[in-house]
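Residues per chain are reported as follows:
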Amino acid sequence: MPSFNRRSFIAAAGASLLPQTSRAEVYDLTSLQPHRVTATTVEYKGRKALKVELAEEVRRGKPGIDYGDTDSFMIVPTSFRTGTIEVDLLGKLRADAPPDMRAFIGLAYHIAAEGKHFEAAYVRPLNGLKLNPPPPRNKRAVQYFAYPDWRFDRLREAYPDGRYEAGANIAGDEWITLRLEVAADRMTVKVNGVESLIVREPKMPLANGAIGLWIDIGTEGYFSNLRIAPG
């Protein structure tokens, strides 16, 4: 991962790095740790951002590499249990993205055991209602999962009512504000300020863990303005 100039990054980000509440802590994105991803600081669509992609050896699909709701993120060096996590993010497809990819991008939390256990919520921008996708994709723009046991495919099979995913009025290659409100017994996802998904039965016991800026296969992801407020 390339080195970063922390001072110049914060200066370029300007007022967008100011906390929205007195309790929110705004994180310097240059201090994060890569886990199966690579990252560079860039300016994209008017914002100073962290560009995150799968590491090359992961993209090539070496034996043993796992895809689909997997452990690929920039880790925020903090311990989080309950509270809010909010970030501005943008997902688009890489030129070499496999078919049927949807620019998956989101937030992981309660990361433990060197990235092998965590919960996450992410968006599929190319399933967003702005693009008028056909059913059932129109109800699959927001997704919760718990790694490694409860990924999207198992959740769909076990809960055909779709309680762990929802639609959202978004599209690819646009900035989206994703906010997770994590409580002891539930997790609420807000997309651009709109309540989009309530997870009333989280699939992992409540525990402290790190936070991650998460992407998956085929995604070129951008993150800016990460805010964290403990509960």
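This structure is a prediction, so every number in the text was calculated from the model and none was measured.

S.K.: Talk me through the sheet that holds strand β7 (residues 105-112); I want residue IDs and the actual numbers.
M.R.: In spatial order, the strands read β2-β5-β14-β7-β8-β9-β10; together these 7 strands make up an open sheet with antiparallel pairing. In this open sheet, the two strands that pair with only one neighbour each are β2 (33-35) and β10 (165-166). The pairing of β7 with strand β8 (residues 117-123) spans 6 bridges and is classified as antiparallel. By the bridge assignment for β8, Gly106 is matched with Tyr122.

S.K.: Go over the layout of surface pockets with me, naming the residues and quoting the values.
M.R.: Over the atoms a probe the size of a water molecule is rolled, and this reveals where empty space is left. The calculated volume of the largest pocket comes to roughly 240 Å³. Class assignment of the residues belonging to the lining of the largest pocket gives a composition of 6 nonpolar, 2 polar and 8 charged. Taken together, Pro136, Lys139, Arg140, Arg156, Tyr159, Pro160, Asp161, Gly162 and Glu165 form the lining of the second largest pocket. Residues belonging to the lining of the second largest pocket are distributed by class as follows: 3 nonpolar, 1 polar and 5 charged.

S.K.: So what's going on with the pairing of strand β9 (residues 142-147)? Which residues, and what values?
M.R.: The buried count for β9 comes to 6 of 6 residues, which makes it a mostly enclosed element. Where burial is concerned, the two faces of β9 agree: the one with Val142, Tyr144 and Ala146 and the one with Gln143, Phe145 and Tyr147 are both buried. In terms of strand pairing, β8 meets β9 through 6 bridges, oriented antiparallel. Residue pairing in the sheet places Phe118 in a bridge with Tyr147 of β9.

S.K.: How would you summarise the pattern of salt bridges if you had to cite specific residues and measurements?
M.R.: Evaluated as defined, the whole model comprises 18 salt bridges. For Glu174, the salt bridge identified is with Lys130, shortest N-O distance 3.1 Å. Pair noted here: Glu174 is in the loop between β10 and β11 (176-182) and Lys130 is in the loop between β8 and β9, with a separation of 44 residues, a long-range link. Here the salt bridges do not stand alone but share partners, grouping Arg47, Glu86, Asp88, Arg179, Glu181, Lys190 and Arg227 into one network.

S.K.: Requested: an account of the pairing of β11, with residues and values cited.
M.R.: Burial of β11 is one-sided: the residues Ile176, Leu178, Leu180 and Val182 facing one way are buried, the residues Thr177, Arg179 and Glu181 facing the other way are not. One ladder, built from 7 bridges, connects strand β6 (residues 83-93) with β11; its direction is antiparallel. Bridge assignment links Thr84 to a residue of β11, and that residue is Glu181. Summarising the sheet, β11 and strand β12 (residues 187-191) pair through 5 bridges and their orientation is antiparallel. In the strand pairing of β12, Arg179 is matched with Lys190. Hairpin remark: β11 followed by β12, antiparallel, with 4 residues in the connecting loop.

S.K.: Could you give me a rundown of the environment of Arg227, with the residues and numbers involved?
M.R.: Along the chain, the position of Arg227 falls in strand β15 (residues 219-230). The class for Arg227 is buried, based on a relative accessible area of 5%. In this structure the C-alpha to C-alpha distance between Arg227 and Val87, which are 140 residues apart in sequence, comes to 6.3 Å. A distance of 2.3 Å separates the side chain of Arg227 from the backbone oxygen of Asn225, its partner in a polar contact.

S.K.: Before we move on, could you go through empty space enclosed by the protein and cite the residues and values that matter?
M.R.: This structure, assessed with the given rule, holds 1 cavity of 30 Å³ or more. Here the largest cavity is characterised by a volume of approximately 40 Å³. What lines the largest cavity is simply Gln143, Phe152, Leu155, Arg156, Tyr159, Gly162, Arg163, Tyr164 and Glu165. The element best represented in the lining of the largest cavity is helix α3 (residues 152-158), accounting for 3 residues. Its residues placed into classes, the lining of the largest cavity shows 4 nonpolar, 2 polar and 3 charged.

S.K.: Tell me what's going on with the nonpolar core, and back it up with residues and numbers.
M.R.: In terms of nonpolar packing, the biggest core is built from 61 residues, with Leu213 and Leu226 touching the most fellow members. Excluding its chain neighbours within four sequence positions, the residues that come into contact with Leu213 are Leu29, Leu32, Leu50, Ser72, Phe73, Met74, Val87, Gly106, Leu107, Phe223 and Leu226. Within the second largest apolar cluster, 5 residues are counted, among which are Tyr44, Ala49, Leu90 and Trp175.

S.K.: So what's going on with unusual backbone geometry? Which residues, and what values?
M.R.: Look at the link from Pro135 to Pro136: it is a cis peptide, with omega at 0 degrees. Counting through the fold element by element, Pro136 comes out in the loop between β8 and β9. That bond from Tyr147 to Pro148 is cis: its omega, 10 degrees, falls within 30 degrees of zero. Positive phi is not limited to glycine here, since Asp173 has a value of about 60 degrees. Here Asp173 lies in the loop between β10 and β11. Take Asp173: its relative accessible area is 26%, and that puts it in the partly exposed class. A positive phi angle, close to 55 degrees, is found at Asn192, a residue other than glycine. Relative to the elements of secondary structure, Asn192 occurs in the loop between β12 and β13 (194-199).

Rules used throughout
- Residues numbered from 1 in each chain as written.
- Predicted model: local features only at pLDDT ≥ 70, side-chain atom pairs only at ≥ 80, totals over all residues.
- Heavy atoms only, no water.
- Pairing = 2+ DSSP bridges.
- Helix = DSSP H or I, 4+ residues; strand = E, 2+ residues; numbered from the N terminus.
- 1 Å grid on protein atoms, 1.4 Å probe; cavity = no way out; pocket = protein on both sides within 12 Å on 5 of 7 lines; lining within 4 Å.
- Points joined across faces, edges and corners; volume = space filled by probe spheres on them.
- Nonpolar A, V, L, I, M, F, W, Y, C, P; charged D, E, K, R; others polar.
- Buried < 20%, exposed > 50% of the residue type's maximum accessible area, 1.4 Å probe, protein only.
- Salt bridge = Lys/Arg side-chain N within 4 Å of Asp/Glu carboxyl O.
- Polar contact = N/O pair within 3.5 Å; in protein donor to acceptor, adjacent residues only side chain to side chain.
- Core = buried A, V, L, I, M, F, W, Y, C linked by side-chain atoms within 4.5 Å.
- Contact = heavy atoms within 4.5 Å.

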